[in-house]
Amino acid sequence: MAMSVLKNRRERGFLDGQFLIAMPGMADANFARTVVYICAHSDDGAMGFVINRPQQLSFSDVLLHLEIANEDELIRMPGTTRDFPIRCGGPVESGRGFVLHSDDYMSESSIPVSDDICLTATLDIVRAISHGRGPQRGLMMLGYAGWGAGQIENEIGANGWLTCPAQEELIFDTNLDSKYERALALMGITPAMLSTEAGHA
């Protein structure tokens, strides 16, 4: 579903390039206190990545698992390569890897998701990163967040999410502890200002 939503979009949806910020009353534990970057939104659904959930696996673990590097090669890699950021991108296909990255790296399989950000989901980019030829900025995601037709619109209408334009700096920032609060601050609000119930006039 993820790549099909991206590849089949004819025009940008109103949530493309937006952050979804979970409201305090979010019932789904997969999304409590999350910030999701929406990469594709259309009548068919939406897909994006949680950008503030840590991943237990390291990039070194991924390289070893995929047999792209061995222990000796890992030792010789620069720390910035071994420590390439990796996150839990969402509950769907959590064993599948995606790299959200700056547009200075492009391959045949790279898909632009905004003016400056691309998505690549092939081993080519993992190999390029391991050899120091990857993007200047990037984030590996294991799994993604996906919604069917009309689902995310219904969740927003039910007071499940706030939306605001995404900020590239926040996407690639490695300080996860305060990312939720900083995303809310983009809208000029704090967690204390939010109610867990929708209000009606």
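Keep in mind the model is a prediction, meaning the values are calculated, not measured.

Colleague: What is the right way to look at the pairing of strand S5 (residues 92–102) in this model?
Modeller: Regular strands place their side chains on alternate faces of the sheet. Bridge count between S5 and strand S8 (residues 138–148): six bridges; the pairing is antiparallel. Bridge assignment links Val99 to a residue of S8, and that residue is Met140.

Colleague: How do you make sense of a negative patch on the surface when you look at a structure like this?
Modeller: Taken together, the side chains of Asp103, Asp104, Asp115 and Asp116 define an acidic patch exposed on the protein surface. Considering the arrangement of structural elements, one finds Asp104 in the loop between S5 and strand S6 (111–112). A relative accessible area of 46% means that Asp104 is categorised as partly exposed.

Colleague: Which parts of the structure should I look at to understand the pairing of strand S1 (residues 18–22)?
Modeller: By the criterion of burial, S1 is predominantly enclosed, with five of the five residues buried. Side chains Gln18, Leu20 and Ala22 of S1 all project onto a buried face; the interleaved residues Phe19 and Ile21 project onto the opposite face, where all are buried too. With three bridges connecting them, S1 and strand S2 (residues 35–42) associate as antiparallel partners. Residue pairing in the sheet places Ile21 in a bridge with Val35 of S2.

Colleague: Whenever I open this one, the side chain of Ser102 confuses me. Can you help?
Modeller: Inspection of the secondary structure puts Ser102 in strand S5. The class for Ser102 is buried, based on a relative accessible area of 8%. Among the polar contacts listed, one links the side chain of Ser102 to the side chain of Asp104, at a separation of 2.4 Å. Excluding residues within four positions of it along the chain, Ser102 makes contact with Asp116, Pro135, Gln136, Arg137 and Phe172.

Colleague: What is the right way to look at the nonpolar core in this model?
Modeller: Here is a general trend for soluble globular proteins: nonpolar side chains tend to be buried in one another's company. Grouped together as the largest cluster of nonpolar side chains are 28 residues, with contacts concentrated most on Phe19, Ile21, Tyr37, Phe49, Leu100 and Ile171. The greatest single-element share of this core, amounting to four residues, is contributed by S2. In this structure, Ala69, Met77, Val99 and Ala128 belong to the second largest nonpolar core, which totals 17 residues.

Colleague: Is there a simple way to explain the packing of aromatic side chains in this structure?
Modeller: Note on aromatic pairs: each is described by the distance of the centres and the angle between the planes. Applying the stated criterion across every chain, the model contains seven aromatic pairs. For the pair Phe49 and Phe98, a centre-to-centre distance of 5.3 Å together with 55° between the ring planes defines the contact as tilted. Linking Phe49 in strand S3 (residues 45–50) with Phe98 in strand S5, this pair joins segments that are 49 residues apart in sequence. Summarising the aromatic geometry, the rings of Phe59 and Phe84 are spaced 5.1 Å apart at their centres and angled 50° between planes, so their arrangement reads as tilted. Highlighted residues: Phe59 in helix H2 (residues 59–65) and Phe84 in the loop between helix H4 (79–82) and strand S4 (86–88), separated in sequence by 25 residues.

Colleague: Whenever I open this one, the pattern of salt bridges confuses me. Can you help?
Modeller: Pairing is possible between side chains of opposite charge, provided their charged atoms come close. Under the criterion given, the structure shown has six salt bridges. With a shortest N-O distance of 2.4 Å, Glu181 and Arg33 are connected by a salt bridge. Residue Glu181 is found in helix H8 (residues 179–185), and its partner Arg33 is found in the loop between S1 and S2; the two are separated by 148 residues along the sequence. Residue class for Arg33 comes out partly exposed when judged on its relative accessible area of 44%. Notably, a salt bridge pairs Glu93 with Arg96, separated by 3.6 Å at the nearest N-O pair. Taking relative accessible area as the criterion, Glu93 reaches 38% and is therefore assigned partly exposed. A single salt-bridge network, built from bridges that share partners, covers Arg137, Glu168 and Glu169.

Colleague: Can you walk me through the environment of Leu20 in this structure?
Modeller: Its location among the elements puts Leu20 in strand S1. Look at Leu20 and you get buried, because its relative accessible area is 0%. Discounting residues that sit within four places of it in the chain, Leu20 has contacts with Leu15, Thr34, Val35, Val36, Ile38, Trp147, Ile152, Ile156, Trp161, Leu162 and Thr163.

Colleague: What's the story with unusual backbone geometry in this structure? I'm lost.
Modeller: Glycine aside, the phi torsion of most residues is negative, and most peptide linkages are trans. The backbone of Glu67 shows a phi angle near 60°, a positive value even though the residue is not glycine. Owing to a relative accessible area of 70%, Glu67 belongs among the exposed residues under this scheme. Positive phi, close to 70°, is recorded for Asn159, a residue that is not glycine. By the secondary structure assignment, Asn159 is in the loop between helix H6 (151–157) and strand S9 (161–165). Judged by its relative accessible area of 24%, Asn159 falls in the partly exposed class.

How each quantity is defined
- All residue numbers refer to positions counted from 1 along the written sequence of the respective chain.
- Local features are withheld for residues below a pLDDT of 70 in this predicted model, meaning they are given only at 70 or higher, and side-chain atom pairs are given and counted only at 80 or more; totals for whole chains, interfaces and linings count all residues.
- The side-chain figures draw on all heavy atoms in the structure; neither hydrogens nor water molecules are used.
- When DSSP finds two or more bridges between a pair of strands, those strands are recorded as paired.
- Numbered from the N terminus, helices here are DSSP runs of H or I no shorter than four residues, and strands are runs of E no shorter than two.
- Like-charged residues within 9 Å of one another, or nonpolar side chains (Val, Leu, Ile, Met, Phe, Trp, Tyr) within 5 Å, are grouped into patches, provided each residue has over 30% relative accessible area and no salt bridge.
- What sets the accessible areas is the Shrake-Rupley method with a 1.4 Å probe; for residues, cover comes only from the shown protein chains.
- Only one rule defines a salt bridge in this text: a Lys or Arg side-chain nitrogen within 4 Å of an Asp or Glu carboxyl oxygen.
- Just so you know, the count uses Lys and Arg for positive and Asp and Glu for negative, and it drops His and the chain ends.
- Lysine's charge is taken at NZ, arginine's at CZ, aspartate's at CG and glutamate's at CD.
- Remark: exposure states derive from per-residue accessible area (1.4 Å probe, protein chains only) relative to the maximum for the residue type, with buried under 20%, exposed over 50%, and partly exposed in between.
- By the criterion applied in these results, polar contacts are pairs of N or O atoms within 3.5 Å in which, for protein atoms, one can donate a hydrogen and the other can accept it, and in which residues neighboring in sequence qualify only through two side-chain atoms.
- The contact definition used throughout considers only heavy atoms, calling two residues in contact when any of these lie within 4.5 Å.
- For this analysis, a nonpolar core means a set of buried residues of the types Ala, Val, Leu, Ile, Met, Phe, Trp, Tyr and Cys, connected via side-chain atoms within 4.5 Å.
- Whether two aromatic rings pair depends on their centres lying within 6.5 Å, for rings of Phe, Tyr and Trp, where Trp uses its six-membered ring; planes under 30 degrees apart make the pair stacked, over 60 edge-to-face, and the rest tilted.

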